[in-house]
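# Fold and geometry: a report
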Protein chains: 2
Amino acid sequence: MGDEMDTEFLEELASASSTPGGGGASAYCGAIAAALASMVCNLTIGKAKFSDVESEVVGCLGRLSILRSRLVSLVDEDAQAFEPLAAAYRMPKDNDALIEARTAAIQEGLILACEPPLAMMRAIIDVLRECDFIARNGSKMAISDAGACALIAKAALMSASLNVYINADSMSTDQDRQRFIDEADALVSRGVELADAIYLHVASEIGSFTEGGR
Amino acid sequence: MGDEMDTEFLEELASASSTPGGGGASAYCGAIAAALASMVCNLTIGKAKFSDVESEVVGCLGRLSILRSRLVSLVDEDAQAFEPLAAAYRMPKDNDALIEARTAAIQEGLILACEPPLAMMRAIIDVLRECDFIARNGSKMAISDAGACALIAKAALMSASLNVYINADSMSTDQDRQRFIDEADALVSRGVELADAIYLHVASEIGSFTEGGR
């Protein structure tokens, strides 16, 4: 860590370019969560103590690998889906016809820009499902890593939802706006419930947790 | 994104090696949060509308750049600080004298392994302080990115604390254990309060947030 390769994504995030931004960071944090859950699987597989769940854990690992690739791809997909919206905002507004065309392009752009964050949210919930299994059935040596996975996945989910809410906020029809808000709300509540349950399980396994620290 | 360079850290996380694990992921997520706050600064600097806060924002950007480097370095420092503990657990326990030496080495290792996560937590709280300023005073176009920063920084902080709690849990003296738990508790409560306040501010700025989505 610390060499140029590893910090390239961080440099791109920090730059004045809007992408990658909160959306790309959410997808990447989702991929970090998936990688942590994979590590817990890898520390479980091959141990005699866990032989009765080995085949399930191998299945988890396979699904987590696909989810990680998907979330990494969503960093770029999010940036690409933002392009039409950015282009629409740059359209001329010199007369009524141009203003109308610009408004229509913005509305289409807003809808397009919601798709990658919603896809991230779905993939992150899938990561949390795998994490739930491995946190309860995997190596206890890595229980804090399962907890880290749940915390980071929850942040990634909520952070992706911000991009849905902020785009929905500018939609001109109540129907579109409400549809995207409802979908994001449902995904947030499902994912947060799962992440919090995993975290509480991890906390109960780590003996010295005090109330203040939770 | 998506090429080999960018996914090397993810591969290392996912592997059966204990480091990088939850600690390294926490430090890297802290660096992502710092980079997002830097982006908000970069989208604010040079805009006439924000000229009255420009010098403060330039200061934020400088401090965030240092915090980001510090957090990236902590990925490696965390892995290095875990080495003596891992070595101690591998020490022989064939007779009482060896068992005593091993126990003493483990206790020393546990204390050493707490330092990088505590250093991450302090750096992440500093990131949240900068984020608080830029979320309230920076470009409103990037308000969701400031929210993403707060969410990811909070997860990174809590996730780093798990490594302190799990190491403290194995400490043999109540005094050592309580000292580390108290320090982690204090940092968690300070950081979570700050992160939640930033998030509520961002939520109030994004009009279409519904209760279910928070």
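Residues numbered from 1 in each chain as written. Chains lettered and ligands numbered in written order. Predicted model: local features only at pLDDT ≥ 70, side-chain atom pairs only at ≥ 80, totals over all residues. Heavy atoms only, no water.

### Some words on the overall build of chain A
When you go through chain A residue by residue, the secondary structure sums to six helices and zero strands. Each helix (α) and strand (β) of chain A, taken in turn from the N terminus, gives the series α-α-α-α-α-α. Its C-alpha atoms put chain A at 75 × 40 × 35 Å along the principal axes. Counting across all 214 residues of chain A, residues that qualify as buried make up 54%. Within chain A, contacts between residues at least 6 apart in sequence are counted, and of these 74% link residues at least 24 apart. In the structure as shown, chain A presents an accessible area of about 8500 Å², 52% of it carried by carbon and sulfur atoms. Of the side-chain charges in chain A, 17 are positive and 32 negative, and the distance between the mean point of each set is 6 Å. (Helix = DSSP H or I, 4+ residues; strand = E, 2+ residues; numbered from the N terminus. Buried < 20%, exposed > 50% of the residue type's maximum accessible area, 1.4 Å probe, protein only. Contact = heavy atoms within 4.5 Å. Areas by Shrake-Rupley, 256 points an atom, 1.4 Å probe, with all protein chains shown as cover. Lys, Arg positive; Asp, Glu negative; His and termini not counted. Charge placed at Lys NZ, Arg CZ, Asp CG, Glu CD.)

### A look at helix α5 (residues 143-169) of chain B
Side chains three or four residues apart in an α-helix point the same way, a direct result of the helix having 3.6 residues per turn. If you check α5(B), its first and last C-alpha atoms are 39 Å apart, about what 27 residues at 1.5 Å a residue would give, namely 39 Å. Most of α5(B) sits out of view: 24 of its 27 residues are buried. (Expected span 1.5 Å × (residues − 1).)

### Let's talk about the pattern of salt bridges
Residues and elements named next belong to chain B. Under the definition given, this model contains 18 salt bridges over all chains. One salt bridge connects Arg70 with Glu77, and the closest N-O pair in it is separated by 3.1 Å. Relative accessible area serves as the criterion here: at 30%, Glu77 is assigned to the partly exposed category. Of the charged contacts in the structure, one is a salt bridge between Asp174 and Arg177, with a shortest N-O distance of 2.2 Å. Of this pair, Asp174 and Arg177 both sit in helix α6 (residues 174-205), three residues apart, which is roughly one turn of the helix. (Salt bridge = Lys/Arg side-chain N within 4 Å of Asp/Glu carboxyl O.)

These values are about where atoms sit, not about what they do.
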